[in-house]
Amino acid sequence: MPTDQLHIIWYPDPVLRRKARPVVAIDARVRAVAKAMLELMHEAGGVGLAAPQVGLSWRLFVANPTGDPQDDRVFINPVLSDPSKEAVEHEEGCLSIPEVRANILRPKAITVTATDLDGKSFSLTSDDLAARVWQHEYDHLDGVLILDRMQRIDRLASRQMLKELEDSYEATK
Ligand code: ZN
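Summary of the structure given here. Just so it is clear, the model here is predicted, and its values are computed rather than measured.

1. Regarding the overall build of the protein
Of the regular secondary structure elements, the protein holds four helices and seven strands. In the protein, the succession of helices and strands from N to C terminus is α-β-β-β-β-β-β-β-α-α-α. The globule rule puts the C-alpha radius of gyration for 173 residues at 16 Å, and the 16 Å found for the protein is close to it. For the C-alpha atoms alone, the extent of the protein along its principal axes is close to 45 × 40 × 30 Å. Expressed as a percentage of its 173 residues, the buried residues of the protein come to 45%. Partitioning the intrachain contacts of the protein with sequence separation of at least 6 by distance along the chain shows that 66% fall at a separation of at least 24. Total accessible area computed for the protein in this model is approximately 9,300 Å², and 51% of it derives from carbon and sulfur atoms. Distance between charge centroids for the protein: 6 Å, based on 21 positive and 27 negative side chains.

Given below as structure tokens:
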């Protein structure tokens, strides 16, 4: 699919549940997809977007926790390490599950190591919003959604919206 046709895939499309495969070569296609994903993320007002959310089972995500264009960053084959013992709860949304928000408990601090578009390895550590974004996006690469991490009360509150998304997915199949 040409990258200008990439779009954000919504729950319950099964691609969101697949475990993504490592990116084996950083070629022109990967660069074009990453650029398109950053554009889609900004257009949607998001702070992160993972490749499965545009229908590609690749271990790649983009993130920008500040919204400042120079903070756009691409994470290829990311690995998370050194999660803090301290966990914090914070409200999260997901561009693939519109209108659903939930308080999700995650380690406050984490380190991410990944490869950038030039093929260079880099590591970043955060104990702030970035740490949460990396963990949320990393989850997508393993087919994990906030639905799997939300508490019962948020699950109940989201039930109607999820049903609507499921019905509209069925209708377009
Ligand atoms: Zn998400």
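2. Remarks on the nonpolar core
If you look at the biggest cluster of nonpolar residues, it comprises 21 residues, and the most contacted ones within it are M37, L49, W58, L60 and V62. Of all elements in the fold, only α1 (28-43), β2 (60-63) and β3 (73-81) reach the threshold of two or more residues within this core. Setting aside its immediate chain neighbours within four residues, W58 contacts A20, R21, V23, R29, V30, V33, A51, P52 and L141. Ranked by size, the runner-up nonpolar core spans 16 residues in total, among them I97, A102, M150 and L165.

3. A closer look at the pattern of salt bridges
Under the criterion given, the structure shown has 10 salt bridges. Residues R106 and E92 are paired through a salt bridge, measuring 2.7 Å at the closest nitrogen-oxygen approach. Of the two residues, R106 sits in strand β5 (residues 102-107) while E92 sits in strand β4 (residues 87-92), which places them 14 residues apart along the sequence. In this structure E92 comes out as buried when scored by relative accessible area, which is 5%. Where E92 meets R132, a salt bridge forms, and the shortest distance between an N and an O atom there is 2.7 Å. Taken together, the residues E92 in strand β4 and R132 in helix α2 (residues 129-141) connect sequence positions 40 residues apart. The exposure classification of E92 matches that of R132, with both residues buried. In this structure, a network of salt bridges that share partners links the residues E92, R106, R132, D139 and R149.

Rules and cut-offs
Residues numbered from 1 in each chain as written. Predicted model: local features only at pLDDT ≥ 70, side-chain atom pairs only at ≥ 80, totals over all residues. Heavy atoms only, no water. Helix = DSSP H or I, 4+ residues; strand = E, 2+ residues; numbered from the N terminus. Rg over C-alpha atoms; globule rule 2.2 N^0.38 Å. Buried < 20%, exposed > 50% of the residue type's maximum accessible area, 1.4 Å probe, protein only. Contact = heavy atoms within 4.5 Å. Areas by Shrake-Rupley, 256 points an atom, 1.4 Å probe, with all protein chains shown as cover. Lys, Arg positive; Asp, Glu negative; His and termini not counted. Charge placed at Lys NZ, Arg CZ, Asp CG, Glu CD. Core = buried A, V, L, I, M, F, W, Y, C linked by side-chain atoms within 4.5 Å. Salt bridge = Lys/Arg side-chain N within 4 Å of Asp/Glu carboxyl O.

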